[in-house]
Every structure is written in C-alpha cells, then in structure tokens.
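Reading the structure
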Amino acid sequence: MTQFHTTVKLTATLVAVLITSGVAIGSECGPDEVNDCFGNCVPFNWIDDGLCDDGTFKFNGNPIYLNCVQWGFDGGDCIPSAPVSGTPVPSMAKLDITMLDLMNQEDITAGAMGVMKNGVVVYQRFFGWSDAARTQPLQPDAMMRIASITKPHTAACIRALIADGIINLNDNAFNLGQPTGGLLNIIPFNGLGDPRMANITVNDLLRHRGGWDRDAPGINDLTYKEIEIKTAFNQDAVPTRQQTVAWILSQPLQNTPGATYAYSNEGFLVLGLIVEQFSGLDYETYLHQRVLSPIGVQGDAIEAGRTLPVNQNPREPWYNDQGLTSLNVFASLADLANNPAGQFVPNPEGRWCHELRVGQGGLIATPRELLTFLDTYTIRGNNIGMPRNKATEGAGWTQVHTGALFGGTESIAQQWGDGHNFVAIFNKRQLTAGEDDYIITVRDAFRALLNSGDITVPDCPPGYIFDCNGNCVPEMWLGNGVCDTQTWFGDVLVDFNCAALNFDEGDCDPCPADLDGSGSVDINDFLQMLANFGICQDPSACPSDIDGNGFVDVDDLLVGIGSFGPC
C-alpha cells in the first residue's frame, strides 16, 4: 500500500554523515528525492520521520527500504537489519526485502542469493555477517559451503571422462575379481560384504542406484561413520577416502544395484575417486581444467572446503551449529575411549571431516559460479552432469538440487526452461520438523514475486552494460582511460574493443590494422602483414599480430581485409 509520510527535516548531523560516507543524495532521482538502500527513489523527507521504511510502504509503486547502514537505519526509525552487499537491482528490491524478512524471522546470520537470466548473472547479493558476533558484514565475494550441490559437479567430471573415451557409463565401479573387471582396485576391509557390489556400474552411481539405502533401519549414512571406520583400522587419523570405501565394501547392500533409487553419498564418494584415478589429477584440479575453466569460471570462485575455521577460506562465513555437538572425528582413539565427554565439538567443526567429502558435498562456491554451472550442465535426474540441451527443455522444464549438512549449511540450485537460474545458500539449516526449508521458502518467494510482477528480472542490471560478446559488465569501465579487452570481471573476460561500443569510448585503438598510422587500412598495411607472416620473434613488438596470439596468420589477414578503407 502507499503510505503518506509526515514531513520531517533530516538532522544536519545525519546529512553530514551521509555525505561524508559517500551516499549519493538525489542520485538519478528528483530534486527532493534520494535512492533508498536498493536504488529506488524516495522523498528525502521520508528519512527520520517516525516511520520505519522496511519495505512496508511504497513510493511510485516501489517498496521503499531505508533500513540499512548508509541511511542510519531510516535515521533511527528502524531496528537495525542485516547488512546487504552486492550491486542493488531496484526492480528486484522486493526479493531483497523477502530475504531480509526471512533471515530476521529465522535468526539466520548469513545468506547469499543469485539469479541468472538467459545466461547473464543479473543479481548476486549477500546478506548478514561473516562472524558469529555480527560485526563483520558478509562481503560481495563471499564463498559458502554448497554441500550436495557438489554432486552435479562430480557428475560433470564423470561425463567428461566418458566423452573423452577414458571410461564408460556401464563400466563396473569396483574390480572385485569379476570376469569383466572394474575401475577401482580397492580391497574390501574385512571381506566383501555383498557379492552384488561387483555389479555396481558408473551409471548406477550417477543415478543413486548403487544399492545403498541410508534410510533403511539401522543403516544410516556410511560416509559419516568416520569414528567407527578409523577404530576398525586402529588409527587416530581420520580414514582416507580409500579406507572409507574399503570399509563400505565390507558392509551389505540394501538393494540390488540398478533396481531402486535411494539417495546415496556413498555413490558420489566412489565417483570422486574414479575422477581422480582416471584423470590423473586431484579432483579440484580436474574439475577446474576440464569442466569449469572452459565455461569461464575463475579458479577462485569454487574450491574444496575445509573443516576447521582456522583452515577455511577467509571469504567463508561462520557456520551456525545451533548448539548441536558431536564426537570429534579428529580425536584420538584413546581420548574417545577414556574421555568421550570431552571430545564433543560443534557439528560444522568436526562432526565430519569436510576434506573427505570432496566428491559428494565438500565444495565451497560463489553464487556466480553456481549460476554459470547451472546454465551449462543438468544438475539432477538421469542426465545429471550432461550439457544442457535448451532447445528441448521447454518453459515448463525444471531441475533442482539441494544440499544440507548436519550443521550450518543449506543450499539450493534450480534451473528453469524459461531462461532463469536461481541459487541460495544459508549458514544455518532448518531443523524444525514440518516447516519448509529456508531454501525452499526463498526459492518459492522468488518465483511468486516473478510471476506476480512484483519483481522484474532485467536483462542486464542498472549500472551494467553488455560488452562486445554479450556479457553483462560494469558500465563504469567504459571510457575509463583503460582499453578493456583482457579485463576479468568475476568469471567474465570483458571486451569493449568493438565499433558498437566506440572501441571502449576511444580507450582502445579503433583501427588496429592501420599498421603505418596513415588513417586508413590499405595495401601497404596488408603487405606489411604478409611480410611478417609466421611466428612473432618478439611478441611484444609485433603489430601485425592483431589478435595477439603470437603468430601473424590468416586470422590477422582477414581482420586487415575486413578493415580496408578509412579508419
């Protein structure tokens, strides 16, 4: 609804604070208006007028939000909300407000959310604090544990090995002496627990049909029985992944391989080992080189997570244990036997060894990385890890993968055939039975707001522009005195050197084929290029190498021919 605010003069002190802190007063708005926390215009006299503008009231049809640090929490009218970082998207402000409301209601201290439209990341926002004391705002480059959304990444690695002819979909996962052999040579710890394990295939593992069922009575998730496993091996160190699989091989299956779907961490633990053995690389390196780098994901956008806070990436927030504790998997066998009461730790810091979940749930990532992955690979179902075929999807097509850990993590990644991708990550898990998960709540809110028209997802958000290759990048880089042709923006390599953008507003040479500087590309330039045909002996002084690949070749000649005439 629209609320009529009283006219109250903003105190001179607050005005001075806002100006010195860099807040733009009246930017892109009317003479008596300012931008609120999310970029919407609002009358200046709404600030400090006795009413808290937390999205409840609208101006020009937009919900107004002034409950942020830069506006002094509406001049003191609001109870301070969680900080928000990342570029605001005014047409999606209602989604910001929904996220803040949910985090306030559920006491969630850190969350990240991202939206992609038709291959462009148009929204990436970070909410809350990095620390438990709520003193350090979550930064716009934050990474968080994504739990089981790791699995589609592992599946993409497996599909790459298959596409390269290194392994086959129907290969047996284990070499247990069967005539057809198998991929992994891991000896069962205490004898083979079930002869049917010889029949488990790579395809069974991808489709959660390996035969394990953690929901069967008395079974639970075998990958989390690290204390039991290391006790069986009589060692203080947490078991390696190979030891865990050896122990799992000595246990019985609950289902016939290939016959029954049952969500399985065991299967993706095994797939992670297959990736490493048959790529010859560690999991993280192969993931980057073969799967992520070709689609433009930067190396620092996703990596393997660590268990203990002292070892974690400084861009990660703390993970809310909600008071849940468990025996420390890193404790010695003697301490576990003689002083078990003293070995309890917060769940996210030792209930499991995070380093050992690398193939099943151990990655940390940014929303941008997840969105880029979602735009390329199928994340669920029989085609998990396969490149998407968008031509066959249709507007009603969708796939979703969620993730959660016993403490401190809840995540969601969803694809739709209408061109939208969505991710959300929280540092707290929903524990109350019968309530929707936080991630489901915010995902449903996004679609409801989109369908009702309460938010509009732009093709490119305010303050951004499409570069020569159609990437959505900061507009402020255009004409800034630097020729942007090899500048990284997140996972995108920016290129402004084209006629459509006036060659970066003149910052780039608009006529690289004019080698003699005559003002036109003519036969003299072409002859110079022909004379230099071949490898550049000194790449730093090789103007005929127009594309900068170290060679003067046909590609450079074609640029010259295409540029013939006045510059």
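This is a predicted model, so every value here is computed, not measured. Here the residue numbering is sequential within each chain, running from 1 through the sequence in written order. Only residues with pLDDT of at least 70 are given local features in this predicted model, and only at 80 or more are side-chain atom pairs given and counted; all residues enter the totals for whole chains, interfaces and linings. Hydrogens and water molecules were not included; the side-chain quantities draw on all heavy atoms of the structure.

Some remarks on the overall build of the protein chain
The helix count covers DSSP runs of H or I at least four residues long, the strand count covers runs of E at least two residues long, and both are numbered beginning at the N terminus. The helix and strand tally for the protein chain stands at 15 helices and 23 strands. Principal axes of the C-alpha set define a box for the protein chain whose edges measure 80 × 75 × 45 Å. For the protein chain, the proportion of its 567 residues judged to be buried stands at 52%. Should any heavy atoms of two residues lie within 4.5 Å, those residues are considered in contact. Within the protein chain, residue pairs in contact and separated by at least 24 positions form 63% of the contacts whose partners lie at least 6 positions apart. With an accessible surface of roughly 24,100 Å², the protein chain has 52% of that area assigned to carbon and sulfur atoms. The charge count includes Lys and Arg as positive and Asp and Glu as negative, but it does not include His or the ends of the chains. Charged groups are reduced to one reference atom each: NZ for lysine, CZ for arginine, CG for aspartic acid, CD for glutamic acid. Distance between charge centres in the protein chain, computed from 29 positive and 67 negative side chains, equals 13 Å. Only protein chains enter the accessibility calculation, which uses a 1.4 Å probe; a residue whose area is less than 20% of its type maximum is buried, one above 50% is exposed, and one in between is partly exposed. Residue burial considers only the protein chains on display, and all accessible areas are found by Shrake-Rupley using a 1.4 Å probe.

Side note on the nonpolar core
Counting 69 residues, the largest nonpolar core has I158, F174, W212 and I274 as its most contacted members. Examining the composition of this core, we find that seven residues originate from one element, helix α8 (residues 265–279), more than from any other. If sequence neighbours within four positions are ignored, I274 has contacts with I158, L161, I167, A173, L183, L184, V202 and L205. Among the nonpolar cores identified, the runner-up in size contains 46 residues, and W46, M92, A93 and I439 belong to it. Take the buried Ala, Val, Leu, Ile, Met, Phe, Trp, Tyr and Cys residues and link them wherever side-chain atoms come within 4.5 Å; each set so joined is a nonpolar core.

Some thoughts on the sheet that holds strand β8 (residues 144–145)
Paired strands are those between which DSSP finds at least two bridges. Pairing within the open sheet is antiparallel, and its three strands lie in the order β8-β12-β9. Across the chains shown, the open sheet's two edge strands, defined by having one partner strand only, are β8 and β9 (302–304). As paired elements, β9 and strand β12 (residues 363–365) share three bridges and run antiparallel to each other. From the neighbouring strand, E303 faces β12, where its bridge partner is I364.

Considering the sheet that holds strand β15 (residues 420–426)
Pairing is antiparallel across the open sheet formed by six strands, whose spatial order is β5-β7-β6-β15-β14-β13. Unpaired on one side and paired on the other, β5 (84–85) and β13 (398–404) mark the two borders of the sheet. For helices, the fitted line uses only the C-alpha atoms of the stretch in contact; every axis is such a line through C-alpha atoms, and the angle between N-to-C directions lies from 0 to 180 degrees. Contacts from helix α11 (residues 367–376) reach β6 (110–117), β7 (120–128), β14 (410–416) and β15, with the element oriented near 145° to β15. Packed on one face of the sheet, helix α12 (residues 438–452) meets β6, β13, β14 and β15 and runs near 145° to β15.

Some thoughts on helix α4 (residues 150–163)
Here α4 is 14 residues long and its end C-alpha atoms lie 20 Å apart, about the 20 Å a rise of 1.5 Å per residue gives. Counting buried residues in α4 gives 12 out of 14 residues, a clear majority hidden from the surface. The complete set of buried residues in α4 reads T150, K151, P152, H153, T154, A155, A156, C157, I158, R159, A160 and L161. Positive backbone phi, approximately 75°, marks G165, located one or two places after α4. An expected span of 1.5 Å times one less than the residue number is assigned to each helix.

Digging into the state of the cysteines
In a disulfide, the sulfur atoms of two cysteines are covalently bonded to one another. Pairs of cysteine sulfur atoms within 2.5 Å are what we label disulfides. If you walk through the whole model with that rule in mind, you get seven disulfides. The partner cysteine of C460 in its disulfide is C472, sulfur to sulfur 1.8 Å. Judged by the torsion about the S-S bond (105°), the C460/C472 disulfide is right-handed. Highlighted residues: C460 in the loop between α12 and β16 (464–466) and C472 in strand β17 (residues 472–474), separated in sequence by 12 residues. C472 sits in the buried class, given a relative accessible area of 7%. Just so you know, C157 is unpaired, no disulfide at all, and the nearest cysteine sulfur is the one on C353, 20 Å from it. Accessibility expressed as a relative area gives 0% for C157, which makes it buried.

Regarding the side chain of T201
Considering the arrangement of structural elements, one finds T201 in the loop between α4 and α5 (202–206). Given the relative accessible area of 13%, T201 is considered buried. Apart from the residues lying within four places of it in its own chain, the contact partners of T201 are L169, N170, D171, N172 and A173.

Topic: helix α9 (residues 283–292)
Counting along an α-helix, one turn takes 3.6 residues, and residues three or four places apart therefore face a common direction. Taken residue by residue, α9 has Y283, Y286, L287, H288, V291 and L292 as its buried positions. Where α9 is buried, its residues touch α4, α8, β9, β12 and α11.

A word on the environment of N502
Mapped onto the elements, N502 comes out in helix α13 (residues 502–505). What makes N502 partly exposed here is its relative accessible area of 43%. Along the backbone, N502 and N170 are 332 residues apart, and their C-alpha atoms lie at a distance of 54 Å.

Comments concerning the pattern of salt bridges
Whenever Lys or Arg places a side-chain nitrogen within 4 Å of a carboxyl oxygen from Asp or Glu, that contact is recorded as a salt bridge. Taken as a whole, this structure holds 14 salt bridges when the rule is applied. The salt bridge involving D204 is made with R207; its shortest N-O contact spans 3.9 Å. On the basis of relative accessible area, R207 is assigned to the partly exposed category, the value being 22%. A salt bridge links D221 to R214, with the nearest nitrogen and oxygen atoms 3.6 Å apart.

Here we look at the environment of A445
With respect to the helices, strands and loops of the structure, A445 is situated in helix α12. Sequence separation between A445 and L95 is 350 residues; the distance between their C-alpha atoms is 7.7 Å.

Re the side chain of N421
Position of N421 among the secondary structure elements: in strand β15. Those residues within four positions of N421 in sequence are excluded, and the remaining contacts are G114, V115, M116, L371, L374, D375, R388, Q414, Q415 and W416.

Looking at the confidence of the model for the protein chain
Each residue carries a pLDDT value, the predictor's own confidence for that position, ranging from 0 to 100. For the protein chain, the average pLDDT comes to 90, and 95% of its residues sit at 70 or higher. In this model, residues 6–26 is a region of pLDDT below 50 whose contacts with residues beyond four sequence positions or in other chains number 30 contacts.

A few points about the pairing of strand β4 (residues 62–65)
Where strand β3 (residues 54–59) and β4 come together, three bridges link them in antiparallel fashion. Bridge pairing in β4 places D54 opposite Y65. Hairpin connection between β3 and β4: a loop of two residues separates the two successive antiparallel strands, and N60 in this loop has a positive phi of roughly 55°.

Focus: a nonpolar patch on the surface
Patches draw on residues past 30% relative accessible area with no salt bridge. Two like charges within 9 Å are joined, as are two nonpolar side chains (Val, Leu, Ile, Met, Phe, Trp, Tyr) within 5 Å. On the surface, a cluster of nonpolar side chains totalling about 770 Å² of accessible area is made up of I523, L527, L530, F533, V554, L558, I561 and F564. Sorting the residues of the nonpolar patch by element identifies α14 (523–531) and α15 (554–562) as the ones contributing at least two each. One can find F564 in the loop between α15 and β23 (565–566). Residue classification places F564 among the partly exposed residues on the basis of a relative accessible area of 44%.

What about the packing of helix α3 (residues 93–106) against α12?
Two elements in contact, α3 and α12, have axes separated by 10 Å at closest approach and are oriented at 155°. By the criterion of interaxial angle, the relationship of α3 to α12 is roughly antiparallel. Handedness of the α3/α12 crossing: right-handed. From α3, K94, L95, T98, M99, L102 and E106 reach across to α12, where they touch Y438, T441, V442, A445, F446 and L449. By definition in this entry, angles of less than 35 degrees are roughly parallel, angles greater than 145 are roughly antiparallel, angles of 65 to 115 are roughly perpendicular, and the rest are oblique. Note: crossing handedness is left-handed where the near helix turns anticlockwise from the far helix by less than a right angle, and right-handed where it turns clockwise.

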